[in-house]
Structures are given as structure tokens and as C-alpha cells.
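# Observations on the model geometry
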Amino acid sequence: MNKVILMGRLTRDPEVRYSQAAEPLAIARYTLAVDRRFQRKGQGGDEQTADFIQCVAFGRQGEFAEKYLKQGTKIAVTGRIQTGSYTNKDGNKVYTTEVVIEEQEFAESKSNGGGGDFQPMDRPMPGAASADGFMSIPEGIENNLPFK
């Protein structure tokens, strides 16, 4: 099984290109900075505390990245690892590893300025219901209800 789940922040805006096919296909590439759980002390000081993972999203996922993702956005992604290789202009073989994105979603609320956990709107707690399972309607809003 080849399944990857990551959460991190985009290091820069996605780079999006479209294929030259009859129906152009969006191809978005971006790098996710994924924090490591533990910091290790190296001989010269602290080691890198994040991994920088290359990601590629095709089709609708690529269009989503182009429209909504930008540098610093925290997202959660699922996908698969794909490896490959090519020969560069100097004749050297270069090996690649990237995550092909299958799903991506925001990992924090935009209303919090992109910097905190999501906080739901104020609403009554389930424990506020009476024994019959219904909550009482607060005073003064009876006339604003869509039903009577």
C-alpha cells in the first residue's frame, strides 16, 4: 500500500501549468514544510526541524491549489509517493521523489487569520436540553422564527 498523510504549510505559492492536450489539465507543484515531532541536537547545533516535501496535484486538485492555496497556508493532504528519474543537461541522472496529491484541505480557519485552531460559533451545549430532549427558545426571538 502506498498512502501518505501530511500536514504542513506551503513554502511559496503553487506553481501551476496546464498541459497542451485538447482539454488542458492543471498541474500544480508546491512544497510543504512539515514540522518534525522531535528536535535533535547535532554536532553544530540544532538540526532542521521541518521536512520540505515536494507535492504535485493534477486536474481539479491542481485547479483548487491555483485558486485557493498560497504561501503560508496550512493544509492537510493525502496522496501517494511517486519516484522517478531524468538526465539533466549535464548528463547526470537525477532522482526525484514527490507526493501525488489525491485530497487536500485547509487545516486551519481563515477567520482566525490563518494562525490558530478553529473555534465554532457560540451555541447551546447539548446538556442544556430538558428531559424531553428539547431546548427552550430564548426570550424575544419567537417573532423571528421561520415557523410558528
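Up top you'll find the structure we're talking about.
Presented here is an overview of the structure given in this document. Source: prediction; values computed, not measured.

### Points about the nonpolar core
In terms of nonpolar packing, the biggest core is built from 15 residues, with Leu6, Tyr30, Leu32, Ile75, Val77 and Ile101 touching the most fellow members. Those elements that place two or more of their residues in this core are β1 (4-10), β3 (26-35), β6 (50-58), β7 (74-87) and β8 (93-106). When residues of this core are assigned to their parent elements, the largest contribution, four residues, is made by β3. Setting aside chain neighbours within four positions, we find isoleucine 101 in contact with Tyr30, Cys55, Val56, Ala57, Gln61, Val77, Thr78 and Gly79.

### Some thoughts on the layout of surface pockets
What the second largest pocket holds in volume is close to 170 Å³. In this structure, the second largest pocket is lined by Arg12, Glu15, Arg29, Tyr30, Thr31, Gln54, Cys55, Tyr86, Thr96, Thr97 and Glu98. Going through the elements one at a time, β3, β6 and β8 are the ones with two or more residues in the lining of the second largest pocket. Residues of the lining of the second largest pocket, tallied by class, amount to three nonpolar, four polar and four charged.

### Remarks on the pairing of β3
Within β3, seven of the 10 residues are buried, which leaves it mostly tucked inside the rest of the structure. The sheet contact formed by β1 and β3 spans two bridges and is antiparallel. Residue arginine 9 lies in a different strand from β3, and its bridge partner there is alanine 33. As paired elements, strand β2 (residues 15-18) and β3 share four bridges and run antiparallel to each other. Pairing of glutamate 15 across the sheet is with arginine 29, part of β3. Across nine bridges, the pairing between β3 and β6 is antiparallel. Considered in β6, the bridge of isoleucine 27 is made with phenylalanine 58.

What counts and how
- Residues numbered from 1 in each chain as written.
- Predicted model: local features only at pLDDT ≥ 70, side-chain atom pairs only at ≥ 80, totals over all residues.
- Heavy atoms only, no water.
- Core = buried A, V, L, I, M, F, W, Y, C linked by side-chain atoms within 4.5 Å.
- Buried < 20%, exposed > 50% of the residue type's maximum accessible area, 1.4 Å probe, protein only.
- Helix = DSSP H or I, 4+ residues; strand = E, 2+ residues; numbered from the N terminus.
- Contact = heavy atoms within 4.5 Å.
- 1 Å grid on protein atoms, 1.4 Å probe; cavity = no way out; pocket = protein on both sides within 12 Å on 5 of 7 lines; lining within 4 Å.
- Points joined across faces, edges and corners; volume = space filled by probe spheres on them.
- Nonpolar A, V, L, I, M, F, W, Y, C, P; charged D, E, K, R; others polar.
- Pairing = 2+ DSSP bridges.

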